[in-house]
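Tertiary structure, described
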Amino acid sequence: MSKNVLVYVECADLRPTKAGLQALGAGQRLARQLGGEAVALLTGPGLEAEAAKLGAHGANKVQLAAAEVFATYSQDGLARLVTQQAAATQAAAVLASATPMGKDFMARAAAAGKAGLAADCTDIKVEGGKIHAVRPVYAGKALATVEAAGVLWATLRPNVFAVEATAISAPVENVNVSYGPGDLKSVVREIVQGVKGKLDVAEAEIVVSGGRGLKDPAGEGKQNWENLEKLATTLGAAVGASRAVVDAGWRPHGDQVGQTGKTVSPKLYVACGISGAIQHLAGMSGSKVIVAINKDDTAPIFKVADYGIVGMVEDVVPALTAAFAETLKS
Amino acid sequence: MEIIVCIRRAPTTDARIKPGPDGKTYDPAGVNFDISEYDKFAIEAGIELKEKHGGKATVLSLGPTVSSKELRTAIAMGCDAASLLVSDAQHDAWATACALAAKLKTMPHDLLLFGWNSVDNQAAATGQMVAELLGLPCVSVTVALEVKDGVAHAERLSAHGNRERIAVKLPAVITCQKGLNKPRQPNMKGLMNAKKTVIDESPANAPANGVVTVKLDPPPPRPAGKIVGKGPEAAKALVGLLHNEAKVV
Ligand SMILES: Cc1cc2nc3c(=O)[nH]c(=O)nc-3n(C[C@H](O)[C@H](O)[C@H](O)COP(=O)(O)OP(=O)(O)OC[C@H]3O[C@@H](n4cnc5c(N)ncnc54)[C@H](O)[C@@H]3O)c2cc1C
C-alpha cells in the first residue's frame, strides 16, 4: 500500500483557511502513522508565499497549481486536478475540508478515482493496518467507522482536527494542467455576497442559537434578537437558529442548525429559547460544551446541556452578555 | 424537456437510530420512512420546470420494493412516471451513483435533479458522482434555478451565506437545497394517478460499496449536566463555570 496522504488545503483571501490547516494537521498525523508524507495541494494565483510556509503546519511537500484556470471555482476543474495529483503522489488517502467547496468537488473527484467518499469525518487513523475514518450519520444519531478497498477519499469536519506546528522545510512544486477555462463544464460566474464578514455557523468556534422562544423579530421579539446578536458579538460567535425560526422567516436558511440544517460542533453552543427537538439535537450534540436557556425546566434541551439556566430569554441573555464582557475584559 | 428526479427512501428525521445486532447497520424496529427531506425540493423543482417548459418528469429510486410508496408520493405530487432499481442492500453514494448512472444511460434526460444531501447517509455526494460518471456539469446545493435556451442558471449556497451563480449547459445535474421552492402537497387527482401508475421495476446493477462500514456505534453519551440557577442572577455563575471549569471562554 502506498503511504502518502494528499491534502487539498482550501484557501480564501489568498491564505489557507483554518479548516484547510486543520485538514493538513490531520493529514500529517495520518501520514506519520502510515510512514509516508503529507503532501499539501493548493490552487490559485498569488499563493507562492503562503505555499512556502506550509512546512510549519505539517506539510512534507507542497504542490501549487497556480494556473489562471484555478482563479475561479469550478467543481469539475478542481476534481480533475485532485484526481490527477492523487495518482501522481500515489496517495493512500486524499483529504479536504468538509466545507461547501470541499463537499462539492471531493465527491466528483472520488468518483473520477472510482472510489467512494467518507464525508464529514470527525476522526481518521490507522487501525489494524487499515485507514479508518469515523463519520457521524443520521445527523449524529450514530457514528459509522468506514474503510475503503483502495484509496480513502475523505472530507474532514471543520473545528474537529487540530492544526499541527512542525518545522519541516517543505519544497514547493508547481503543478501544471493540460486544460484551460474553456474545457470546464461549470464555472462560478459571480458571487452574490451574503452579509459581509458574517461568520458561518458550521465554521464558528462559538454558536449562539435562537428558537421560537425569542418571538417574532418583526414584532414583540425585536429586542430579543438584538440581545442575541449582542451576545454573539461579545463572544465572537455565529448566530444559529432552530427550524421553527427559519420556517417562520425570522432568520435565513443558512443559519438553521439541525438534521435538515447545518451540523455544528463548536467548542461552545448556547441554545436560547429552543426546546431541543430530536432534529435540532441531532445537529448540535457534537458540540464540546452546551448551554441552554429556557423558561421550561422540563424542556428536552436540558437533557443534552452541560449547563442550564431556567429563565426568560428577555432578561437572561442580556445578563449573560454583561457577565461574558466582564470575564473577557479581565 | 426530459427531467429525471432521483430520490431516496430514508428514515424520518424523528427516528431513533440504534445500532443493530450486526454492529454495522441500524435496527429498523420502530423506524418510519419517508422521502429524504431534500429530495422533496428536487421533486418540486422537476414538476415546476415541467409545468413551465413542457415535457416529462420521471422519478427514479434505488431501494427495496417498498420504496414504491415514496415513488407514488412523487407521482401524487405531479411527476409523470416512476422507475425503481430494486435492491435490499445498503449502498454508499458510490454504489448508488453507479447503479443510477447505468439506468440513466438508457433514459433520455435533459436535467437530472437530486436532493443535495440525504438525511441518513449524509454524504452529499450522489449527484456529483452521477455527473462525473455521465460526464455532465453539476451544480450542488442549489437554492435558485432557471432554465432558458438549453442552459440552467443556478445559484448555489456556499460559505458565509454567499451565493455562487453558475450557468451550465443541459444536460446537467442539479442538487437541490431548502430555499429553492416549497414542495407542494398531493391533490386528489394526483393521489388517483399515483394509485394507477405502474412502476417500472428492474434489478439494480450496483457495484460493491466504495466505503464500507465496519462499525456503527451510538454517539458517546454526554455527561449529566447541571442547572446553574434560575433567572438573570445565574448568569455570573454560569460564565464563571464556562471560564474556570469548562475553560471554553
Ligand atoms: C422533517 C423535519 C426536519 C426538521 N429539521 C429540523 C432541523 O434541522 N433543525 C431544527 O431545529 N428543527 C428541525 N425540525 C423541527 C423540530 O421538530 C422542531 O419543531 C423545532 O426544532 C422547534 O424549534 P424551537 O425549539 O425553536 O421551537 P419550540 O419547540 O416551539 O420551542 C420553543 C422553546 O422556547 C421556550 N421559550 C418560550 N418562550 C421563552 C422565553 N421567553 N424565554 C425562554 N424560553 C422560552 C419554550 O419553553 C420552548 O422550549 C424538523 C422537523 C421535521 C418534521
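Bear in mind that the values here come from a model prediction, so they are computed numbers and not experimental data.

**Things to note about the domain arrangement of chain B**
How large an interface is tends to be reported as the accessible area lost when its parts come together. The domain boundaries assigned to chain B delineate domain 1 (2-203) and domain 2 (220-249). Measuring from the centre of the C-alpha atoms in domain 1 of chain B to the corresponding centre in domain 2 of chain B gives 43 Å.

**Considering the sheet that holds strand β6 (residues 91-97) of chain A**
All names here are of chain A. The strand order across the open sheet built from seven strands is β7-β11-β6-β1-β4-β5-β12, with neighbouring strands paired in parallel fashion. With partners counted over all chains shown, the strands left at the sheet margins are β7 (118-121) and β12 (172-174), one partner each. Averaged over all pairs of adjacent strands, the angle between their axes in this sheet comes to 25 degrees, without regard to strand direction. As paired strands, strand β4 (residues 38-43) and strand β5 (residues 61-65) are joined by five bridges and run parallel to one another. Pairing of Thr43 across the sheet is with Ala65, part of β5.

**Concerning the domain arrangement of chain A**
Residues and elements named next belong to chain A. Each assigned domain of chain A is listed with its residue range as follows: domain 1 (4-183) and domain 2 (206-329). The straight-line distance from the C-alpha centre of domain 1 to that of domain 2 is 33 Å. The interface of domain 1 with domain 2 comprises eight residues on the first partner and six residues on the second. Three residues, Ala139, Lys141 and Arg157, lead the burial of domain 1 against domain 2; their summed loss comes to 78% of the area buried on that side. The tally of links from domain 1 across to domain 2 stands at zero salt bridges.

**Some points on the pattern of salt bridges**
Enumeration over the complete set of coordinates arrives at 36 salt bridges over all chains. Where A:Asp200 meets A:Lys262, a salt bridge forms, and the shortest distance between an N and an O atom there is 3.3 Å. In this pair, A:Asp200 is assigned in the loop between β13 (188-192) and β14 (206-210) and A:Lys262 in the loop between α6 (243-247) and β16 (268-272), connecting sequence segments 62 residues apart. Salt-bridge contacts for B:Glu70 lead to B:Arg9; the nearest nitrogen and oxygen are separated by 3.2 Å. One end of the pair, B:Glu70, is in helix α2 (residues 68-77); the other, B:Arg9, is in strand β2 (residues 9-11), with 61 residues separating them in the sequence. Residue class for B:Glu70 comes out buried when judged on its relative accessible area of 1%. Members of the salt-bridge network, linked through shared partners, are A:Arg243, A:Asp247, B:Asp34, B:Glu37, B:Lys40 and B:Lys178.

**Some words on the interface of chain B and chain A**
In this complex, chain B contributes 76 residues to the contact, which on the side of chain A involves 85 residues. Of the roughly 6900 Å² buried between chain B and chain A, counting both surfaces, carbon and sulfur atoms make up 58%. For the pair chain B and chain A, the interface holds six salt bridges. On inspection of chain B and its partner chain A, the count reaches 39 residue pairs in polar contact (both at pLDDT 80 or more). At the level of secondary structure, the elements contributing two or more residues to the side of chain B that touches chain A comprise α4 (126-134), β7 (138-148), β8 (151-157), β9 (163-169), β12 (211-217), β13 (226-230) and α6 (235-244) of chain B. By residue class, the composition of the side of chain B that touches chain A is 41 nonpolar, 17 polar and 18 charged. When β13(A) meets β9(B), the two strands line up antiparallel, connected through four bridges. In the sheet register, A:Ile191 faces β9(B), and the bridge partner there is B:Glu164.

How each quantity is defined
Residues numbered from 1 in each chain as written. Chains lettered and ligands numbered in written order. Predicted model: local features only at pLDDT ≥ 70, side-chain atom pairs only at ≥ 80, totals over all residues. Heavy atoms only, no water. Domains from an automatic or database assignment. Pairing = 2+ DSSP bridges. Helix = DSSP H or I, 4+ residues; strand = E, 2+ residues; numbered from the N terminus. Axes fitted to C-alpha atoms, helices over the stretch in contact; angles between N-to-C directions. Contact = heavy atoms within 4.5 Å. Buried area = accessible area lost by both parts, 1.4 Å probe. Salt bridge = Lys/Arg side-chain N within 4 Å of Asp/Glu carboxyl O. Buried < 20%, exposed > 50% of the residue type's maximum accessible area, 1.4 Å probe, protein only. Polar contact = N/O pair within 3.5 Å; in protein donor to acceptor, adjacent residues only side chain to side chain. Nonpolar A, V, L, I, M, F, W, Y, C, P; charged D, E, K, R; others polar.

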